[in-house]
Structure formats: structure tokens, C-alpha cells
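Survey of secondary and tertiary structure
So the chains spell out like this:
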Amino acid sequence: MDHHHHQHDHHHQYDGGENDYMPQEDDWDRDMLLDPAWEKQQRKTFTAWCNSHLRKAGTQIDNIEEDFRDGLKLMLLLEVISGERLAKPERGKMRVHKISNVNKALDFIASKGVKLVSIGAEEIVDGNAKMTLGMIWTIILRFAIQDISVEETSAKEGLLLWCQRKTAPYKNVNIQNFHISWKDGLGFCALIHRHRPELIDYGKLRKDDPMTNLNTAFDVAEKYLDIPKMLDAEDIVGTARPDEKAIMTYVSSFYHAFSGAQKAETAANRICKVLAVNQENEQLMEDYEKLASDLLEWIRRTIPWLENRVPENTMQAMQQKLEDFRDYRRLHKPPKVQEKCQLEINFNTLQTKLRLSNRPAFMPSEGKMVSDISNAWGGLEGAEKGYEEWLLNEIRRLERLDHLAEKFRQKAAIHEAWTDGKEEMLQDKDFETATLSEIKALLKKHEAFESDLAAHQDRVEQIAAIAQELNELEYYDSPSVNARCQQICDQWDSLGVLTHKRSEALQRTEKLLETIDQLYLEFAKRAAPFNNWMEGAMEDLQDTFIVHTIEEIQGLSTAHEQFKATLPEADKERQAILGIHNEIAKIVQTYHVNMAGTNPYTTINPQEINAKWDKVRQLVPQRDQALVEEHARQQNNERLRRQFANQANVIGPWIQTKMEEIGRISIEMHGTLEDQLTHLRQYEKSIVNYKPKIDQLEGDHQLIQEALIFDNKHTNYTMEHIRVGWEQLLTTIARTINEIENQILTRDAKGISQDQMNEFRASFNHFDRKRTGMMDAEDFRACLISMGYNMGEAEFSRIMSIVDPNRLGLITFQAFIDFMSRETADTDTADQVMASFKVLAGDKNYILADELRRELPPDQAEYCIARMTPYSGPDTVPGALDYMSFSTALYGESDL
């Protein structure tokens, strides 16, 4: 912004501030402060301005505040500017003369109606720069600017308006004030170019080169327009806001330079104006006539088009009409409204102008009066109003028709799409091959379809209603609509009939299949147990049997007879089951139901039942035969059993008796041992004589085994028993004879009397508590104690090892006699033998082989030689044998 400072008191600064222009009486009501840059600009500009006038008087000033101090050049300046004479100046050089002259100048200024506020002659005389500049500005304002008048504005505003007018054609110039608007210099150039285009090549100037522009303008003005350089390009460019007063002063010089040209222009204008009025009036009359003719002709052509009320068939054609009408409204009519309006304006303007220039009023030719045009226009508007109404109604009708037709097409299309394939579906014979569950599903599906069908009833009615309305509204394509509607209705009726038919067929089929299903179930329920019964029967009839008795086979025969008795009942059940199957077959044949698949409840079929029944019938006689044969076999077996039993029941007890008798003989000891022996030998003979009976029984047993008989309730004796008994008998008799012989040997060897023997026997029998012919250890201990033995455990163990060397825990009578006889002998037998050998050896401690051979039988001599060890005493000779250790060894086995 500006670099001046504001004073905040009641004075205004003298700084050419932001107020557009201060009236001159306020100019000096301030503190006489001035921006140094502006002061410099003013000093230069005002000096040049003063000199541009003073040179007419053949003088000039160099220093503005010095050269006006005596008032002489001041008075001269005023005379040049005003063209008037001032009071005679005083020529004295004194201060008082100078003040007087300055006052004369100031009085002259005041006489021109300028109030000089706070400018005193003393300050001028004293060379006060600010006062002097202020005074010169007042003069410039009054004589160079105040009289400027442009279109009712004067002074500063007038000058500004003049500048704006003159620079208006220049796009890059925009004059809004007397400071920054001029900084780029184009304003000055434009003013010159406007009045003297030949002086400046305006097109070459650039807004961004203010120095060139400013200097160009200043040089050209000075050279060709006689306007001295009052401004400095550098100052203007270098100042943020150039000094307003300096610019105004310089610009006013342009105004005065060009104002001569202005006056000539004005004179020419006046002449032109008068001529123009006349020409214009004539032109207006011609224009009116032409416009009126054209307009009336257009109305005459347009009305018939607007009165045409023939409707179109299609919406498109009607819409084209509406479009044309809208074009007419939007494009063709507005210019005509404009023309009509223009016509009336032109007419009124013309009449006014004629009246003002004192010429007679204008009279248009026949029928072209303003009123004629208005009437014609009214007719046009009337036709137009009716036309639009008719168009819109037609379009509405067509729209309704189009809408209905579209709705009809849509609904018909939807309906046809829905019904598509429905007739084929309803005529489908799918139920003929369906199972019961599939039929039930088909029924459900069909019920759903029926309700779907009912739901579509509405649409069919809507389609018919729309077709009816299209007929009433005279739709152009009604015939095809009606044909389509008829087709839909016919098809709808047909669908109804087919739906009903299918419904009946499905229900009928369902009933038949349910009946069949019932029969199937009945068949299955009865066929299964019957089939099981037959399979059981077949299994039983073919069952291999193993019987061992007549009773068992009789039991089987009885059961078989009972089974045969149930066959007629079973046959009845079979007939009934097959009857069910035939019933199914009859239904299938009668109603042509396609039986899809077989009985779902069972895999058993009539062929199978019949096949099994035949098999059962075939097996019955086979079974009869088998039972008869088995019966005969069992009777034969029974005969064999009895035959064996009869003999075994005799032989068994016989053997038993013999055993007992033999036992008694050995225990009871009647007579001498020799008597017992004789007795036993007789027994042995009678037993051997019994052998053929045993052999005969073996023969019978052979037959029984071949017949595979394993039991015999007629006897408790098996062949095994008899054989074992027989063997035992033979063994026992032999053993008993042997025992008696041994006892005889023992008795004779030990010299035991028969009484002692009987005593031993009595003792043994007494302690043989179990009567087995043996004593166990406890019995033996008791026996020893009774005989006066007093012994500890060790002693008893020693005795037991003698009598029971095999540790069986049993003591035989023979062992008992041996023990008892040894206990009662006088001397130790081993010593006796040794003494005997000593005798044979001729009292030596050893014996020779030859001596033995000489004294003993050969086999016994060899027995001794083989068993005797060589003698190893000190008195030994070759071939000496040890008879002592041999004798000890002989008894060593038992004599522990």
C-alpha cells in the first residue's frame, strides 16, 4: 500500500490520500505533511506545468519555491492562464513589496471563487515549499481541471470519465483512479493512440514493460503534442502509489491538447444527428410494413396446421406431433412474439419521434394496422390452445392404450411362459409305471399344481379384462389382441379339464396300488412263516438220525406221523397264499396297472413256495422208508444185545465167585499147605475147562461191534470187564499156587512148623484190616507193637525198607513171613555162609577158582567165580578170590 502515514486528529493530511478527491477548501486544513516521493513528483510536474504556460510569456522558472517568492512570475502565470490583466505589480525588492505582489495573486485566485484556506503570502515569500506546492495545485485545479465537463460530470470526475471513455476500446487499459491505474504507462499511450493513432504503434507495447511505455508516451507528447515532460518514468515505476496530483496535472494537459479536436467533432455530430433522424424515420416505416406483412403471412400459414385434429395410431406419431408443436412453441413462435412486440414498439417509437420532430403521424397500409395484427394473433393463440389440449388428450389416450397393450403383452407372455409344457405334463402317463410311494409324491405334486393353477386364475381374468378395455378404447391392433386372449382362455379351459382328469387317474391308481400293497403285505406276512415252516420241515425230513434203541426210533416215527397229519392244513395255507398272489395278478390284468418291480415286503415268490412244497412232499416217503429200515436194524440190534447179555450175565458172576473162593483158600488155611495146593490145582483145572464159553462170548461181542452197538441195558458186563476178569482169574490162580509153593519152600528152609505158619497167618489176617491180602504201613506197625516190638521212627523205617523194598507202602504175606522167620532164626546167615566158604578154602582168608569148581556144582561154581573180586590181603597169591566180601554182598541187598 501507500507509504504515507495517517494523522489521527481533526486535520486531513495533505497527501492526496485515499479519498477520491477532496474539495479544495479542505486542502490546507492539515499539518502540511507530504510524502517525500510525492513531493519530488509534484515539484517536477508543477514546475513543468508552470513553464508550459510561462514560456508563452517568454520566461520560465527553475526552482518552484524560490522563483515565485517575489510574486512577479506568479502574477504573470495567472495572467497567461486566465487571459486577464492583474493589478500592476510593485517593482521594489523589499519583503513588503514581495508580500504585496503575492497577495495580489492570491486575491485574483480568490476572485475566481477559490477559497484559500491557510495559505498566507508570508510563507510563499519565505519560500515554504509545501505552501508553494499547495498554492500551485489550487491554481491547476481551478484553471486546468475545474472547467472540464463530460456528460454532466465535471472537474476530477469529468477528467476521469473522459479518460475512461477514450481508453474504453483498449482491453489492457482499465482507468479507475489517478494513481496506480497509470503505472504501466499503457493509459498514456492509449490516450495518444486514440486521438493520433499514427504517433504510436500500440500493438507492439507490452504490459510488463512500463518503463518503455511511459517513456514512449512522454517523448511522443513532448515532440508531437507540445506537452512538456512533467513526470519521471523511474519515479512512477519506483513508487508504490504515484502522486495523484502530479498525474492529474499531466493528464489535464492531454485533455486540453485534444479538446480542440473535440469541438470540431461535436459540430459534425450535430449535422449528422438531424440527417439521421430523417433517415431513421423512413427506415422505421419501411421496417414496419415489411414486418407486418411477414408476420401476417406466417399467422395465415400456421393456423390451419394448428386446426388439424386428425389423430395418429401410434404413440410415436403423436409424440412427433407434440414434438413439432413444442418446437413451434420453443423455436418458431418466440421470434414471432418478439417480432410482434418489436412491431408495436417500433410503431410507438416512430409515432413519438415524428411527433417530437414536428412531422405528421404514420399511417400503415390497409389491414396492417396494429389492431389487425393483434386480431390475427388472437386467432393464432386460440387455435394453438385447443391444439395442445387435443394433442395431450390424444397422447394420454394412446399412452393408456400403449400401457394397456404392454400390460396385456406382459401378462400374456408371463402366462404363456407359465402354461408352456403344462398340457404335456398333465397328459403324462408317468403314474402308470409308478410305485405307491411315487404315486403319493405325484399326488402331492399335483395338489401343489392345482393350487398353483387356482392362483393363476386371477391373471387370466385380468388378461381378458384388459383385452375388453382395449376393444372399448378402439385399440388399432385389437384383432391380434383378441386372438391371443381367445387362445389363452381356450388353453386355460383345457388345462382345467386335464388337471381334473389327471387328478382322477392319480387317485384311482393310488387306490389300486394301495390294494395291491395291502395284498403284497398280506402275502409277505403269511408267506414268511409258511416258508420258514417248509424250510424247517425240509431240514427235519433230511435230518440224519442216530438212534440206539427201539424206543428212540419209535419216538421218531410217532413225530413223523404227527408231522404227516399237519400236511393237509399246510396245503390249505399254501393255497390261500397263492390265492393272494392270483388276486394281485387279476387286479394287474383287469386295470392294466404296471406293476413296477416285485413285492417290496418279501423276496419269497409263488414258484419258490411250490418248489419247496414239492420237495417236502417228495421227502416224506423217503423219510418213511428210512424210519422202517432203521426200525428193523434196531430190532436186530436188540436181539444181539439180549444174546450177549444172557451169556455175560452168567460168565461174569461165575468169574467173581471163583476169585472169591481162591482168595478164601489162601487166607483160611484149611489143612496143610500141601492140602491147599491140591485144592488149588483142582480149581485151576475147572477154570481152564471154562474157556470155550469165553470164546463164544467173544464171537457175540464181535457181531455187536460190527452192528455199531455201544450200549446194552440188559447187562452191566462189557466184554472188556469179562476179559479183564478172566485174565485176573488166570493170574490169581497161578499166583496163589506160586505163593503156596513159596511158603512151603520158606517153611522148609527156615524149619518153621505148620503151627507157626498158621500163627503168622492168623496175625497177618488179623491186621489186614481192609481184607486185601496186604497190610499197609499202619497195619504193620500195629502188628509189630502187638508182637512186643518197641521201636522208634528210625527203627521202623529200617524194618519198612526190608519188608517193602519197592516202597509201595504195602506188605505181602510172603514178605511178612520172610521178616518174621529172619527175626526168629538163631544166627546171622551171612556169617554162616562165610564160615562155610572158609571150610571150602581150607581155612584160608581167600579161595581159588579150582577149589570152587571142585566143591560146588559147575553153574554155581562159575556164578561165584564171575562175581568174586580178587583178594588183596597181605597173604594173597595169584588167582586168589575174596569170598568174604562176596558173602556180605549176597545178603547186602536186604541186610542194610
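Residues numbered from 1 in each chain as written. Predicted model: local features only at pLDDT ≥ 70, side-chain atom pairs only at ≥ 80, totals over all residues. Heavy atoms only, no water.

1. Some remarks on the overall build of the protein chain
What counts is decided by this rule: The numbering of helices and of strands both runs from the N terminus, where a helix is a DSSP run of H or I of at least 4 residues and a strand a run of E of at least 2. Here the globule rule is a power law, 2.2 Å times the number of residues to the power 0.38, and the radius of gyration is based on C-alpha atoms. Each residue gets one of three labels from its accessible area relative to the maximum for its type: buried under 20%, exposed over 50%, partly exposed in between, using a 1.4 Å probe on protein chains only. Contacts are residue-level and defined by heavy atoms, with any inter-residue pair within 4.5 Å sufficient.
Check the secondary structure of the protein chain and you find 29 helices and 7 strands. For a compact globule of 896 residues, the expected C-alpha radius of gyration is about 29 Å, and the protein chain comes in at 88 Å, more than 25% above that figure. Taken along its principal axes, the extent of the C-alpha atoms in the protein chain is 235 × 110 × 50 Å. Relative to its 896 residues, the protein chain shows a buried fraction of 40%. Pairs at least 24 residues apart make up 71% of the contacts formed inside the protein chain by residues separated by at least 6 positions.

2. Thoughts on the nonpolar core
Heads up, the condition is: To qualify as a nonpolar core, a set must consist of buried Ala, Val, Leu, Ile, Met, Phe, Trp, Tyr and Cys residues joined through side-chain atoms within 4.5 Å.
Membership of the largest hydrophobic core comes to 76 residues, with the highest contact counts inside it found for Phe-188 and Phe-254. Here the element with the most residues in this core is helix α6 (residues 129-145); it accounts for 11 residues. Sequence-distant contacts of Phe-254, defined by excluding residues within four places in its chain, comprise Trp-162, Phe-188, Ile-192, Ala-221, Leu-225 and Ile-227. By size, the runner-up hydrophobic cluster in this structure holds 49 residues, among which are Leu-291, Phe-325, Val-481 and Leu-495.

3. Observations concerning the packing of helix α3 (residues 72-82) against α6
Definition in use: Where helices are involved, their axes are fitted lines through C-alpha atoms of the stretch in contact, as for all axes, and angles between N-to-C directions lie from 0 to 180°. Should an angle fall under 35 degrees it is called roughly parallel, over 145 degrees roughly antiparallel, and 65 to 115 degrees roughly perpendicular, with every other angle called oblique. Only Asp, Glu, Lys and Arg are considered charged in this grouping, and only Ala, Val, Leu, Ile, Met, Phe, Trp, Tyr, Cys and Pro are considered nonpolar; every other residue, Gly among them, is considered polar.
Contact geometry of α3 with α6 gives a least axis separation of 11 Å together with a crossing angle of 10°. The angle between α3 and α6 falls in the class roughly parallel. Where α3 approaches α6, its residues Leu-74, Leu-78, Ile-81 and Ser-82 are matched on the opposing element by Met-135, Ile-139 and Phe-143. Classifying every residue of the contact of α3 with α6 gives 6 nonpolar, 1 polar and no charged.

4. Some words on the sheet that holds strand β5 (residues 847-848)
Definition in use: Paired strands, in this sense, are two strands between which DSSP finds at least two bridges.
Reading across the sheet, the 3 strands line up as β5-β7-β6 and stay open at both edges, with antiparallel pairing between neighbours. Lying at the two open borders of the sheet, with one neighbouring strand each, are β5 and β6 (869-870).

5. Brief notes about the pattern of salt bridges
Quick note on the threshold: Take a side-chain nitrogen of Lys or Arg and a carboxyl oxygen of Asp or Glu: if they are within 4 Å of each other, that pair is a salt bridge.
Overall, the coordinates contain 65 salt bridges when judged by the stated rule. We note a salt bridge from Lys-204 to Asp-201, for which the minimum N-O separation is 3.2 Å. A relative accessible area of 68% places Lys-204 in the exposed class. When salt bridges with common partners are traced through the structure, they connect Arg-329, Lys-333, Glu-381, Glu-384 and Glu-388 into a single cluster.

6. Considering the packing of helix α12 (residues 315-356) against helix α13 (residues 370-419)
Test applied: In a left-handed crossing the near helix is turned counterclockwise from the far helix by less than a right angle, and in a right-handed crossing that turn is clockwise.
Packing of α12 against α13 brings their axes to within 11 Å, and their N-to-C directions diverge by 160°. Regarding the angle of α12 to α13, the classification is roughly antiparallel. Of the two possible hands of crossing, α12 and α13 adopt the one that is left-handed. When the residues that make up the contact of α12 with α13 are grouped by side-chain class, the tally is 18 nonpolar, 2 polar and 13 charged.

7. Remarks on unusual backbone geometry
Here Asp-226, not a glycine, exhibits a phi torsion of approximately 60°, which is positive. Its place among the elements puts Asp-226 in the loop between α9 (210-224) and α10 (233-238). The residue Asp-843 is not glycine, and still its phi comes out positive at about 70°. Note on placement: Asp-843 falls in the loop between α26 (829-840) and β5. Residue class for Asp-843 comes out exposed when judged on its relative accessible area of 60%.

8. Quick look at the confidence of the model for the protein chain
For clarity, the cut-off: pLDDT: the predictor's confidence for each residue, scored from 0 to 100.
Summarising the model, the protein chain shows a mean pLDDT of 84, and 92% of its residues fall at 70 or more. Ranking the elements of the protein chain by mean pLDDT puts strand β1 (residues 149-150) last, at 71, and α9 first, at 92. Per-residue pLDDT stays below 50 along residues 2-32; that stretch engages in 71 contacts with residues further than four places along the chain or on separate chains.

9. Focus: the environment of Ile-463
By the secondary structure assignment, Ile-463 is in helix α15 (residues 436-472). Each C-alpha atom, one on Ile-463 and one on Thr-657, is 129 Å from the other, the two residues being 194 residues apart in sequence. Once residues within four sequence positions are removed from consideration, Ile-463 is found in contact with Phe-408, Lys-411, Ala-412, His-415, Cys-485 and Ile-488.

10. Observations regarding the packing of aromatic side chains
Heads up, the rule is: To pair, rings of Phe, Tyr and Trp, with the six-membered ring standing in for Trp, must have centres within 6.5 Å; the planes then decide the type, stacked if under 30 degrees apart, edge-to-face if over 60, and tilted in the middle. A ring has a charge above it when a Lys NZ or an Arg CZ is no more than 6 Å from the ring centre and no more than 35 degrees off the ring normal.
Counting across every chain of the model gives 37 aromatic pairs. In this structure an aromatic cluster arises from ring pairing among Phe-178, Trp-182, Phe-188, Phe-218, Tyr-250, Phe-254 and Phe-258. The positively charged end of Arg-142 is found above the aromatic ring belonging to Phe-143, 5.2 Å away from the centroid.

11. Here we look at the environment of Val-310
Relative to the elements of secondary structure, Val-310 occurs in the loop between α11 (244-307) and α12. Look at Val-310 and you get exposed, because its relative accessible area is 54%. Spatially, the C-alpha atom of Val-310 lies 10.0 Å from that of Trp-390, the residues being 80 residues apart in sequence. Each residue touching Val-310, except ones within four places of it in the same chain, is listed here: Lys-321 and Trp-390.

12. Some points on helix α7 (residues 155-167)
Cut-off, in case you're wondering: Here the expected span of a helix is defined as 1.5 Å times the quantity of residues minus one.
A rise of 1.5 Å per residue sets the reference length of α7, with its 13 residues, at 18 Å; its end C-alpha atoms lie 18 Å apart and thus fit the reference within 8%. Within α7, 10 of the 13 residues are buried, which leaves the element mostly enclosed by the surrounding structure. Where α7 is concerned, the buried positions are Ala-155, Lys-156, Gly-158, Leu-159, Leu-160, Leu-161, Trp-162, Cys-163, Lys-166 and Thr-167.

13. Concerning the side chain of His-456
Selection criterion: Any pair of nitrogen or oxygen atoms within 3.5 Å is treated as a polar contact; in protein, a donor-acceptor pairing is required on top of that, and neighbouring residues in sequence qualify only through side-chain atoms on both sides.
Residue position: His-456 is located in helix α15. Classification of His-456 by relative accessible area gives buried; the value is 11%. In this structure the side chain of His-456 is engaged in a polar contact, spanning 2.9 Å, whose partner is the side chain of Arg-459. Ignoring sequence-local partners within four residues, the contact set of His-456 consists of Trp-418 and Trp-492.

14. Side note on helix α20 (residues 691-706)
For the record, the criterion: Arc definition: directions from the helix axis to the C-beta atoms.
The end-to-end C-alpha distance of α20 is 23 Å, a good match for the 22 Å that 16 residues give at a rise of 1.5 Å each. Those residues of α20 that sit buried are Ile-694, Leu-697, Asp-700, His-701 and Ile-704. Along α20, the residues classed as buried sweep out an arc of 120° about the axis, all on the same side. Among the exposed residues of α20, those oriented more than 90 degrees off its buried face are Pro-692 and Glu-706. A positive phi of about 55° marks Leu-708, the residue just after α20.

15. Observations concerning the environment of Leu-231
Considering the arrangement of structural elements, one finds Leu-231 in the loop between α9 and α10. Excluding residues that lie within four positions of it along the chain, Leu-231 makes contacts with Lys-44, Thr-45, Phe-188, Phe-218, Ile-236, Ala-246, Ile-247 and Tyr-250.

16. Points about the state of the cysteines
Applicable threshold: The disulfide definition used here is simple: a pair of cysteine sulfur atoms within 2.5 Å.
Across all of its chains, the model carries 0 disulfides by this definition. The thiol sulfur of Cys-485 is not disulfide-bonded, and the nearest other cysteine sulfur, from Cys-489, lies at 4.3 Å. For Cys-485, a relative accessible area of 10% corresponds to the buried category.

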